[in-house]
Amino acid sequence: QVQLVESGGDSVQSGGSLRLSCAFSGYTSSRYSMGWFRQAPRKEREGVASIRSDGSTRYADSVKGRFTISQDNAKNTLYLQMNSLKPEDTAMYYCAASYYCFGAYCLRQNSYDYWGQGTQVTVSS
């Protein structure tokens, strides 16, 4: 059974940094995709960043140059380093996993089969 558990959410001031972690287990395929999504109140869930098992990454335009997605396979952990945070980054952040994704579909939630429960990020001005 695939399990994803996020951590690292917090309240920070604008311009600050946070690193989110997602511990995953139960996924046995060597070919996979993982992503970070976020959902702000009264807004749809949106893709933030993704990474595939071949190492390729993709980012939403709103976070390019500020966020970095990475993974530590030895620890079965996915990370999202968030720098220069803005109030508009405030949201619940979710990690997700799937068998594989292609191109822009890697930032679409319907490309993913497994989801964590989320971790809250709040950025104050």
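Structure's up top.
One structure accompanies this document, and this report is about it. What you see is a predicted model, and the numbers here were worked out from it, not measured in a lab.

**Overview of the nonpolar core**
In terms of nonpolar packing, the biggest core is built from 29 residues, with W36, L78, L80, M82 and Y93 touching the most fellow members. Counting only elements with at least two residues in this core, the list comes to β3 (18-25), β4 (33-39), β5 (46-52), β7 (67-72), β8 (77-82), β9 (91-98) and β11 (119-124). Residues within four places of Y93 in sequence aside, it is in contact with E6, L20, W36, F37, R38, V48, F67, L80, M82, G118, T119 and V121. Grouped together as the second largest cluster of nonpolar side chains are five residues, A96, C101, C106 and Y112 included.

**Thoughts on the state of the cysteines**
Linking two cysteines covalently through their sulfur atoms gives a disulfide. Evaluated as defined, the whole model comprises two disulfides. Between C22 and C95 runs a disulfide, and the two sulfur atoms are separated by 2.0 Å. Negative torsions about the S-S bond denote left-handed disulfides, and the value of about 50° found for C22 with C95 makes this one right-handed. Taken together, the residues C22 in strand β3 and C95 in strand β9 connect sequence positions 73 residues apart. Here C101 is linked by a disulfide to C106, with a sulfur-sulfur distance of 2.0 Å. Between C101 and C106, the disulfide has an S-S torsion of 100° and is therefore right-handed. The exposure class assigned to C101 is buried, which follows from its relative accessible area of 3%. Among the residues examined, C106 registers a relative accessible area of 4% and is labelled buried.

**A short note on the sheet that holds β7**
Backbone-to-backbone hydrogen bonds join strands into a sheet, with any given pair of strands oriented parallel or antiparallel. Strand order in the open sheet formed by four strands is β1-β3-β8-β7, with antiparallel pairing between adjacent strands. If you trace the sheet from one side to the other, it starts and ends with β1 (3-7) and β7, each paired once. For this sheet, the mean angle separating the axes of adjacent strands, direction not counted, is 15°. Where β7 lies against β8, six bridges are found, and the strand directions are antiparallel.

**Let's talk about the packing of aromatic side chains**
Within this structure, the stated rule accounts for five aromatic pairs. Ring geometry for Y99 and Y100: centres 6.4 Å apart, planes at 55°, overall tilted. Arranged with centres 6.3 Å apart and planes meeting at 65°, the rings of Y112 and W115 form a pair that is edge-to-face. The class for Y112 is buried, based on a relative accessible area of 5%. Exposure remark for W115: the relative accessible area of 26% places this residue in the partly exposed category.

**Remarks on the pairing of β4**
Each regular strand displays side chains that alternate between the two surfaces of the sheet. Burial runs high along β4: six of the seven residues are buried. As judged from the six bridges shared by β4 and β5, these two strands associate in the antiparallel manner. Looking across to β5, one finds that S33 is bridged to R52. Between the end of β4 and the start of β5, which pair antiparallel, lie six residues, with R42 showing a positive phi angle near 65°.

Cut-off values and rules
Residues numbered from 1 in each chain as written. Predicted model: local features only at pLDDT ≥ 70, side-chain atom pairs only at ≥ 80, totals over all residues. Heavy atoms only, no water. Core = buried A, V, L, I, M, F, W, Y, C linked by side-chain atoms within 4.5 Å. Buried < 20%, exposed > 50% of the residue type's maximum accessible area, 1.4 Å probe, protein only. Helix = DSSP H or I, 4+ residues; strand = E, 2+ residues; numbered from the N terminus. Contact = heavy atoms within 4.5 Å. Disulfide = S-S within 2.5 Å. Pairing = 2+ DSSP bridges. Axes fitted to C-alpha atoms, helices over the stretch in contact; angles between N-to-C directions. Phe/Tyr/Trp six-rings, centres within 6.5 Å; stacked < 30°, edge-to-face > 60°.

These results come straight from atomic positions and should not be treated as a statement about function.
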